[in-house]
Amino acid sequence: MSIARFSLFTLLAGFLFLQTGCAAFRLAGYAIAPDYPEFDGAETVSLAGLQEPVTVRQSADGMWHVKATNEEDLMFMTGYLQARDRLAQMDVFRHLALGRVSELVGDLPFGGKSSVETDLLNRALDFEGQARILMEKVSPAERRAMNAAVAGVNAWIAEQRLPLEHRLLGVDAIAPWRVEDSLAIYQMLMFNLSSNANREIRRLLLACAAGLDATERIWPTDIDFGMPALPPENWRSDTYASAPAVAPELRDEWEALCGGGKGVNRAAAMLSGDSSVLADAWSGLVSGFEASNSWVVAGKLSASGKPVFANDPHLPHMNPPIVWGVEQHGPDYRVAGFTLPGIHRVVFGHNGHVAWGATTNHVDRQDLVVYRPAMVDGEKAKGYEFEGEAVAFKTRTFTIGVKGGEARTFTVRYSEDGPLVNDVEPSLPGPIPLTAMRLAPLGEARDMDAARGLSFARTATDFVTAIRKMDSGCTNWTYATVDGDIGYESPCMLPVREGYSGAFPVAGWLAKYRWKGFVPKAEMPASANPVRGWIATANSDIIPADRFPTRYNNDSSAPWRYQRARDLILQHAADGYTVEEAAAMQVDVVEAAWPRVRATLKAVCDSDVTGVHDAARRALCGWNGAFTSDSIGATLYVLLSNSFLDRALTDELPGDVSPALWPYVQNIGMFEANSQWMWVRGEDDPVWDDVRTEVVETRADILRAAFADAVNEAAARYGDDTEDWAWGEAAPFRVRHLFAGKDGLLGGLLNSETYPGYGSPTTLFKNQFNRSDRDRFRATVGPSVRFVVDMADPWNAGSYGLAGGQSGWAKSPQYSTAVDDWRVGTPRALTAGDGVDVKFVPAAAD
């Protein structure tokens, strides 16, 4: 869509740095004499704001280990050190969450939108207002911790060590940090974490262009691979009928609501979006965190006799990575792990008693609501129909400041459901029906106290009690304890829908399609110590669709990563599962779907009538399914999948539809599930017939033609010698800075080295490229961090890998230096090892 795809990084890629003036000199000066902060050796530092001395060790890889005698000093140092490393990243995220990006970078175009339009959307969503509510609800103890962390951030800002990025932007001073800034970032991330509005808008555009039935054939709303993550003992015993995706009342009036659909062809350039790697990276973040793996194996299956825990949250690749590592050792708890920009608590990690992590579960907490317009004050634009009555829109006015330009003012209409997509997404490719966005509320807004509870948890009961306080943090949470417990929780505010599934916009003029409250958290799917002895999640379905009274998952990922984790766990458990095996699994690149795909390819592999390059056929049909850098079969599989999608589906689009619509629809990570679904659709599925021809095509016909396309494309790209078609060359990997979407002087300074491609969108070592990226297969989402812990000895039997480095300062010894170890799975110690010890003491009063 663009809903929640506010591509900030496209704004910044190639920004002021190619312009004349100071930026080029500042860049060159930093390259010659980088002034990143560093500690020369054991030393004592006076720091205003501390109450007592604090000991800090920085490991050689940059991981921070902080020990304090009170929690406020512990949090103060956490804020100080995170800002020291990542202030540029934090400030960019702050500007984004507050809807003030234009104040930082000006009014710049990106992906058919602009920075001003990005700000408008975020202002309308009001993450800052949500942050204030969260702050009002937090307990006194956690409020003190948050205030202390913010004071630490401001202590670093007060030192006036401007990051390189701010110098290049011409920023002379950074505004003080506020608790609301951190919480606004949190709410922005959580909004995008459990979202399907971006899928709904794409289906809405498809349906206006091609009709409802064709849309269902192109991108089905009921994809079900039949491989739920939780064991049957955790399913409800009752079965429930599936609700339709399209409400019948909406179907009856669809053509009138769409206005014939002709408007979809306007603004064709906007449909294709921006193709820069950083636009893709940000889109991956804001379109719903489509990834992550987590599994936990009980002690009865492990070599140590205690649970083994593994988590690798998949987030947009960026340099520095979006996660930041810290070990916090206070007077009554010790926790090690990773957190997100501006967040003071460990989000993924362990505290010596409990280990925990998260994956996206695609619980749907958003609906698009389509209205009939209604006349108010003589204008249809002012009202909408609800239960036969005309209701006037409420309005809010937003003034967006623009660096180097004049401020711009916008008016956004609101229904009782939420802001109008038509107003907050002015660059949508053509008109859509009158459509609002309905969002889950904040609930009891106790998320910060939930995060606090994780640090202090000692038992499974403590963990469950803490995690169920979360309302916005709607994910799959897995955990393990030193007592031997393992489990799964999903503390979501799941709306109760009646009469529709939530996968497609709903008829907003009828009260019966309003949400009927929320599922009680105690009734959400959960698992504790399953008989089989393991739990794994990888963004696929959690329970069967017919075992929950309202739709639990919408547009989940394909289950191949889950299947591969399951198979490897069972294989290793036969001899006693180890933490080393858990770490090795995280870099596994075998495509679990390949055996069934290979069976589908009989029309290609067992036929002599393709008339295409026989060496290519042998490379594909003899492929072992592993996305290794030297694999030719992997490259052909990707090219074939792309052509297979195109040949099977695009005939459903009318001839007058802009050719840019198809790449726009696929420019989202969750379309990958549909790509995988193509391989398991039956031979009698009507989707195989090309409606533009007089003959009736079969799946075999489509596959043979698609294979010919793939071979021809490979030859055109890489030459006639199939030995030059290796995946590592076809999809080179590089972690890029948010300001450096291209190579050159800036890219050479800010980006990592370039490595051969490895992994795919559906392997455990996930390297996600959107199916719209037919030219580069550039990985935009992947395991930003990996960590594993054996609960037999959590402080010593734990390791991690980071896709970048701790520091955000280019040329620092801790900048981008961990990528090489991360890509091959070389472990790094999660807790303190050798490094520099620094003692911070309260500054003497003047």
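Coordinates for the structure precede this section.
Q: Looking at this structure, I do not really get the overall build of the protein. What am I missing?
A: Summing up its helical and strand segments, the protein has 30 helices and 31 strands in all. The C-alpha atoms of the protein give a radius of gyration of 26 Å, which matches the 28 Å a tight globule of 846 residues would have. By its C-alpha atoms, the protein is 85 × 70 × 65 Å across when sized along the principal axes. A buried classification covers 66% of the 846 residues belonging to the protein. In the protein, of all internal contacts separated by at least 6 residues, the share reaching a separation of at least 24 is 74%. Distance between charge centres in the protein, computed from 79 positive and 107 negative side chains, equals 2 Å.

Q: Can you help me understand the packing of aromatic side chains in this one?
A: This model, assessed by the stated rule, comprises 35 aromatic pairs. A ring pair is formed by Tyr80 and Trp156, whose centres lie 5.6 Å apart and whose planes are at 85°; its orientation type is edge-to-face. Linking Tyr80 in helix H3 (residues 71–97) with Trp156 in helix H7 (residues 140–158), this pair joins segments that are 76 residues apart in sequence. Residue classification places Tyr80 among the buried positions, given a relative accessible area of 4%. Between Tyr371 and Tyr384, the ring centres sit 4.6 Å apart and the planes meet at 45°, which makes this aromatic pair tilted. With a gap of 13 residues between them, Tyr371 in strand E13 (residues 366–371) and Tyr384 in strand E15 (residues 379–386) connect regions that are remote in the sequence. Considered together, Tyr371 and Tyr384 belong to a single accessibility category, that of buried residues. Through a chain of ring-to-ring contacts, three or more aromatic side chains come together here, namely Trp594, Trp623, Phe627, Tyr637, Phe644, Trp679, Trp688, Trp727, Phe769 and Phe777. Its guanidinium or amino end placed over the ring of Trp795, Arg334 lies 3.8 Å from that ring's centre, counting from NZ or CZ. One cation-aromatic arrangement involves Arg532 over Trp534; the distance from NZ or CZ to the ring centre is 3.7 Å.

Q: Where do I start with the pattern of salt bridges in this structure?
A: Close approach of charged atoms allows side chains with opposite charge to pair. Enumeration according to the criterion identifies 51 salt bridges in this entry. Among the salt bridges present, the one from Glu253 reaches Arg372, with a minimum N-O distance of 2.1 Å. Note that Glu253 is positioned in the loop between helix H12 (248–252) and helix H13 (254–258) and Arg372 in the loop between E13 and strand E14 (373–376), a separation of 119 residues in sequence. Residue classification places Glu253 among the partly exposed positions, given a relative accessible area of 23%. Here Asp417 and Arg438 are joined by a salt bridge, their closest N and O atoms 2.7 Å apart. Of this pair, Asp417 sits in the loop between strand E18 (408–414) and helix H16 (421–424) while Arg438 sits in strand E19 (residues 434–439); the two residues are 21 residues apart in sequence, bridging distant segments of the chain. Residue classification places Asp417 among the buried residues on the basis of a relative accessible area of 10%. For Arg438, a relative accessible area of 5% corresponds to the buried category. Each of Asp91, Arg94, Glu128, Arg132, Arg178 and Asp181 takes part in salt bridges that share partners, so that together they form one network.

Q: Mind showing me how you'd approach the sheet that holds strand E16 (residues 389–392) here?
A: Sheets are built from strands paired through backbone hydrogen bonds, the pairs being either parallel or antiparallel. Across the sheet, which stays open at both edges, the three strands sit in the order E14-E15-E16 with antiparallel pairing between neighbours. For this open sheet the edge positions go to E14 and E16, each flanked by a neighbour on one side alone. Along the sheet, successive strands turn relative to each other by an average axial angle of 60°, direction set aside.

Q: I would appreciate a short explanation of the sheet that holds E13 in the present structure.
A: If you trace the three strands from one edge of the open sheet to the other, you get E19-E13-E22, paired in mixed fashion. Each edge of the open sheet is held by one strand with a lone partner, namely E19 and strand E22 (506–507). In the sheet, E13 pairs with E19 via six bridges, with the strands oriented antiparallel. Counterpart to Gln366 in the pairing with E19 is Leu439.

Q: What is the right way to look at the nonpolar core in this model?
A: Looking at soluble globular proteins, one finds that nonpolar side chains tend to be buried together. The biggest cluster of nonpolar side chains holds 275 residues, and the ones touching the most others in it are Met77, Leu250, Trp295, Phe463, Leu601 and Phe840. Counting residues per element, this core draws most heavily on H3, at 13 residues.

Q: How should the side chain of His317 be read in this particular structure?
A: Position of His317 relative to the elements: it lies in the loop between strand E8 (314–316) and strand E9 (324–329). You can call His317 buried: its relative accessible area is 5%. Within polar-contact distance, the side chain of His317 engages the side chain of Asn767 at 3.1 Å. For His317, the side chain forms a polar contact with the main-chain nitrogen of Gly782, separated by 3.4 Å.

Q: What am I meant to see in H3 here?
A: Residues spaced three or four apart along an α-helix point in a common direction, a consequence of the helix completing one turn every 3.6 residues. The end-to-end C-alpha distance of H3 is 28 Å, clearly below the 39 Å that 27 residues give at a rise of 1.5 Å each. The buried fraction of H3 amounts to 26 of the 27 residues, a majority that puts the element mostly inside the structure. Capping of H3 at its N-terminal end is provided by Asn70; its side-chain oxygen lies 3.3 Å from the backbone amide nitrogen of Glu72.

Q: Would you take a moment to explain the layout of surface pockets for this structure?
A: Rolled over the atoms, a probe as big as a water molecule pinpoints where empty space is left. Here the largest pocket defines a volume of roughly 620 Å³. Every residue lining the largest pocket is counted, 45 residues in all, and those nearest its centre are Thr221, Asp222, Ala545, Arg551 and Asn553. Of all the elements, helix H11 (residues 212–218) adds the most residues to the lining of the largest pocket, at three residues. Here the residues of the lining of the largest pocket are counted per class, giving 23 nonpolar, 12 polar and 10 charged.

Q: Would you mind going over the state of the cysteines with me for this structure?
A: Note: disulfide means a covalent bond formed between the sulfur atoms of two cysteine side chains. All told, the structure shown has three disulfides when counted by the stated rule. Between Cys208 and Cys258 runs a disulfide, and the two sulfur atoms are separated by 2.0 Å. Across the S-S bond linking Cys208 and Cys258, the dihedral sits near -75°, which makes this disulfide left-handed. With a gap of 50 residues between them, Cys208 in helix H10 (residues 197–210) and Cys258 in helix H13 connect regions that are remote in the sequence. For the pair shown, Cys208 and Cys258 are each scored as buried. One disulfide bridge connects Cys605 with Cys621, the sulfur atoms lying 1.9 Å from each other. Judged by the sign of its S-S torsion, about -85°, the cystine formed by Cys605 and Cys621 is left-handed. With Cys605 in helix H22 (residues 602–605) and Cys621 in helix H23 (residues 614–621), the pair connects residues that are 16 residues apart, well separated along the chain. Each member of the pair, Cys605 as well as Cys621, carries the same accessibility label: buried. Taken N- to C-terminal, the disulfide-bonded cysteines of the protein are connected 1-2, 3-4, 5-6.

Q: Just checking my understanding: could you explain unusual backbone geometry for this structure?
A: Negative phi characterises most residues that are not glycine, and trans characterises most peptide bonds. A cis amide bond, omega 5°, links Asn319 with the succeeding residue Pro320. Along the chain, Pro320 turns up in the loop between E8 and E9. Phi at Gln160 takes a positive value of approximately 60°, unusual for a residue other than glycine. Looking at the element boundaries, Gln160 is found in the loop between H7 and helix H8 (164–169). Despite not being glycine, Phe777 has its phi angle at roughly 50°, a positive value.

Q: Is there a simple way to think about helix H24 (residues 632–649) in this case?
A: End to end, H24 covers 26 Å across 18 residues, agreeing with the expected 26 Å (1.5 Å per residue, within 8%). For H24, a buried count of 16 out of 18 residues is recorded, marking the element as mostly surrounded by other parts of the structure. With a side-chain oxygen positioned 3.5 Å from the backbone nitrogen of Gly633, the residue opening H24 is Ser631.

Q: Teacher, can you tell me more about empty space enclosed by the protein here?
A: Throughout the structure, instances matching the rule amount to 10 cavities of 30 Å³ or more. Estimated volume of the largest cavity: approximately 310 Å³. Looking at the largest cavity, it is lined by 26 residues, and the ones nearest its centre are Met190, Leu340, Val347, Phe348 and Trp477. For the lining of the largest cavity, the secondary-structure elements that each account for two or more residues are helix H9 (179–193), E8, strand E12 (354–359) and helix H17 (447–456). By residue number, the principal contributor to the lining of the largest cavity is H17, which donates four residues. Residues that form the lining of the largest cavity fall into these classes: 18 nonpolar, six polar and two charged.

Calculation notes
Residues numbered from 1 in each chain as written. Predicted model: local features only at pLDDT ≥ 70, side-chain atom pairs only at ≥ 80, totals over all residues. Heavy atoms only, no water. Helix = DSSP H or I, 4+ residues; strand = E, 2+ residues; numbered from the N terminus. Rg over C-alpha atoms; globule rule 2.2 N^0.38 Å. Buried < 20%, exposed > 50% of the residue type's maximum accessible area, 1.4 Å probe, protein only. Contact = heavy atoms within 4.5 Å. Lys, Arg positive; Asp, Glu negative; His and termini not counted. Charge placed at Lys NZ, Arg CZ, Asp CG, Glu CD. Phe/Tyr/Trp six-rings, centres within 6.5 Å; stacked < 30°, edge-to-face > 60°. Lys NZ or Arg CZ within 6 Å of the ring centre and 35° of its normal. Salt bridge = Lys/Arg side-chain N within 4 Å of Asp/Glu carboxyl O. Pairing = 2+ DSSP bridges. Axes fitted to C-alpha atoms, helices over the stretch in contact; angles between N-to-C directions. Core = buried A, V, L, I, M, F, W, Y, C linked by side-chain atoms within 4.5 Å. Polar contact = N/O pair within 3.5 Å; in protein donor to acceptor, adjacent residues only side chain to side chain. Expected span 1.5 Å × (residues − 1). 1 Å grid on protein atoms, 1.4 Å probe; cavity = no way out; pocket = protein on both sides within 12 Å on 5 of 7 lines; lining within 4 Å. Points joined across faces, edges and corners; volume = space filled by probe spheres on them. Nonpolar A, V, L, I, M, F, W, Y, C, P; charged D, E, K, R; others polar. Disulfide = S-S within 2.5 Å.

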